[in-house]
Amino acid sequence: MKHKRGDLVTVATCNLNQWALDFDGNVKRILISCKEAKEKGATYRLGPELEICGYGCDDHYLESDTFLHCWESLEELFEKGATDDLLCDFGMPILHAGVRYNCRVLCRNKRILTIRPKTALADSGNYRESRYFTAYQPPSSGEQEQIQLPTFWADKFDQYVAPFGVGFLQCADGTTIGCESCEELWTPHSSHIDMALTGVEIIGNGSGSHHELRKLNARLGLMISATQKCGGLYLYANQRGCDGGRLYYDGCAMIVCNGKVLAQAKQFDVEEVQTIVATVDLDDVRSYRASIPSFGIQAANARQSLTSQSVLCDIKVGIRHGSKLLPTEEIELKIHSPEEECCLGPSCWLWDFLRRSGAAGYFLPLSGGADSSSVAMIVGSMTIMVTEAAQKDPSGYVAAECRKVCMKEDDPLWVPATPQEFAQCILHTTYMGTANSSKATESRAKRLGEVIGSYHRSIKIDLAVSAMIKIFFLATGKTPDFSSRGGTISEDLALQN
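Attention in this report is confined to the structure presented alongside it. No experiment lies behind these values; they were computed from the predicted model shown.

Rules used throughout
- Residues numbered from 1 in each chain as written.
- Predicted model: local features only at pLDDT ≥ 70, side-chain atom pairs only at ≥ 80, totals over all residues.
- Heavy atoms only, no water.
- 1 Å grid on protein atoms, 1.4 Å probe; cavity = no way out; pocket = protein on both sides within 12 Å on 5 of 7 lines; lining within 4 Å.
- Points joined across faces, edges and corners; volume = space filled by probe spheres on them.
- Helix = DSSP H or I, 4+ residues; strand = E, 2+ residues; numbered from the N terminus.
- Nonpolar A, V, L, I, M, F, W, Y, C, P; charged D, E, K, R; others polar.
- Salt bridge = Lys/Arg side-chain N within 4 Å of Asp/Glu carboxyl O.
- Buried < 20%, exposed > 50% of the residue type's maximum accessible area, 1.4 Å probe, protein only.
- Core = buried A, V, L, I, M, F, W, Y, C linked by side-chain atoms within 4.5 Å.
- Contact = heavy atoms within 4.5 Å.
- Polar contact = N/O pair within 3.5 Å; in protein donor to acceptor, adjacent residues only side chain to side chain.
- Axes fitted to C-alpha atoms, helices over the stretch in contact; angles between N-to-C directions.
- Parallel < 35°, antiparallel > 145°, perpendicular 65-115°, else oblique.
- Left-handed = near helix turned anticlockwise from the far one by under 90°.

1. Looking at the layout of surface pockets
And then number 1: Of the volumes computed, that of the largest pocket is approximately 1000 Å³.
And then number 2: Lining the largest pocket are 30 residues, with T434, A494, L495, Q496 and N497 sitting closest to its centre.
And then number 3: Looking at which element gives the most residues to the lining of the largest pocket, the answer is helix 14 (residues 462-476), with six residues.
And then number 4: Broken down by class, the residue content of the lining of the largest pocket amounts to 16 nonpolar, 11 polar and three charged.

Printed below as a string of structure tokens:
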């Protein structure tokens, strides 16, 4: 008898370099990710948290225009075919019954299947989500809520209401799909636990997670642990880049199944969109769970108390028997060293800031010491990453942005031949020496500038220093001096800097 595998499903997740309030640009990048997902055979696509407006909108979440423009952007995504034959999980803010929620919107074929609000908000560290949103609490009755859609939406797509709450999709082919958002993965009672006990097989986590040193290790540990304990197919999407603020979102979208990582996107990169896919046999998920007797006991006991409810939908995401596709094998993880993280994260942030701010470049007083030299090397790392990406695709977006920054737009095929050529256009370094400076530091600054390729100058600033000391004397009646000549430590540091 010919062996037949169970139901196969190909799923996609992505890194997106979104920009706060850049609705047109955000829609363009979402469309690219949906197109790439379809080209790779996926039937389900997951996007980052609040991807339509960009995560870092801050107090603009308190403005009704932000919510309206998100609906208009979703309308454009529908019109341009993003959801045609593709189940899409979008992130956007939604106003329901006068309350602002951070939501996941699951759509297919120009139809909103369900809207899932976030139940646990991030308020630690750099996060202030409760300033803008409210954590959703399911009704005590346990019934699924309905949200009334905007009037223009009903007129255009003939859909007036949609399910709203912590429900999951029960597809016509038996596949079950749920979602949680960012912080919910980090809480003691994570949403994926209840969903797994309810029988949900695919869980998508759209996140807006910024970079912290070694944070990826903790994030990865949580996803592997979640699927090792509960089984299931877990997708993680994230923003990647600077979206207008001081944070850098570090991407690294992943697909994990039963504790094994099947696909991983880059953590640091200058490309705006990266889509990854994996094919999974859902029978492997069912068998894995069946092999854990305690899971079955808890699932049976918990069914009466769980708040997750199924939303029936007439769609199919699985690939039935007879497909020639094979399940994706486990991959070897790429984890950067702490030193690489310290270099690559700021490098990518500087590139996004440079190209989106309209600045002509960076000016760096290069003293030859450790601090300024480290900053110079971070910019040097940026030039290497951008040059490699531009040379790889001279007609691509990175190359176009490179030409704009370097004011080479008259030549549509120009890309920097070397990172040094790029650095010559955007990095200006200057050694500002005085009578107290050494030849060694001046030489180090010059040689480092040559290696990086910066436009470098050495100047003397004794006149400026003397003027400042005279002004200080006129104001205080005191002349500062170096500690070796009887001055205080504060005076010494002030004269050095």
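2. Some remarks on the pattern of salt bridges
And then number 1: Summed over the entire model, instances satisfying the criterion amount to 26 salt bridges.
And then number 2: Across the pair R104 and D89 runs a salt bridge, and its minimum N-O distance is 2.9 Å. Linking R104 in strand 4 (residues 99-108) with D89 in strand 3 (residues 87-96), this pair joins segments that are 15 residues apart in sequence.
And then number 3: Owing to a relative accessible area of 0%, D89 belongs among the buried residues under this scheme.
And then number 4: Here E401 makes a salt bridge to K404, at a shortest N to O gap of 3.4 Å. Linking E401 with K404, this pair stays in helix 11 (residues 397-405), spanning three residues, or about one helical turn.

3. Observations regarding the nonpolar core
And then number 1: Grouped together as the largest cluster of nonpolar side chains are 49 residues, with contacts concentrated most on L74, L77, F90, I94 and I112.
And then number 2: Looking at this core, the elements with two or more residues in it are strand 1 (8-16), helix 1 (23-39), helix 2 (64-79), strand 3, strand 4, strand 5 (111-117), helix 3 (151-157) and strand 7 (161-164).
And then number 3: When near neighbours in sequence (up to four residues on either side) are disregarded, L74 contacts I52, F90, M92, V105, C107, I112 and W153.
And then number 4: Core analysis: the second largest hydrophobic core is formed by 33 residues, L350, L354, Y362 and M382 among them.

4. Examining the side chain of T10
And then number 1: Turning to its location among the elements, T10 is positioned in strand 1.
And then number 2: Within the structure, T10 has its side chain in polar contact with the side chain of T279 (distance 2.9 Å).
And then number 3: In this structure, T10 is in contact with K40, G41, A42, T43, Y44, V277, A278, T279, I319 and L325, ignoring residues within four places of it in sequence.

5. A closer look at the packing of helix 9 (residues 338-357) against helix 11
And then number 1: Contact geometry for helix 9 and helix 11: axes closest at 10 Å, N-to-C directions at 60°. In terms of orientation, helix 9 lies oblique with respect to helix 11. As for the relative orientation of helix 9 and helix 11, their crossing is left-handed in sense. Mapping the contact onto sequence places W351, L354 and R355 in helix 9 and Y397, V398, E401, C402, K404 and V405 in helix 11.
And then number 2: Split by residue class, the contact of helix 9 with helix 11 holds six nonpolar, no polar and three charged.

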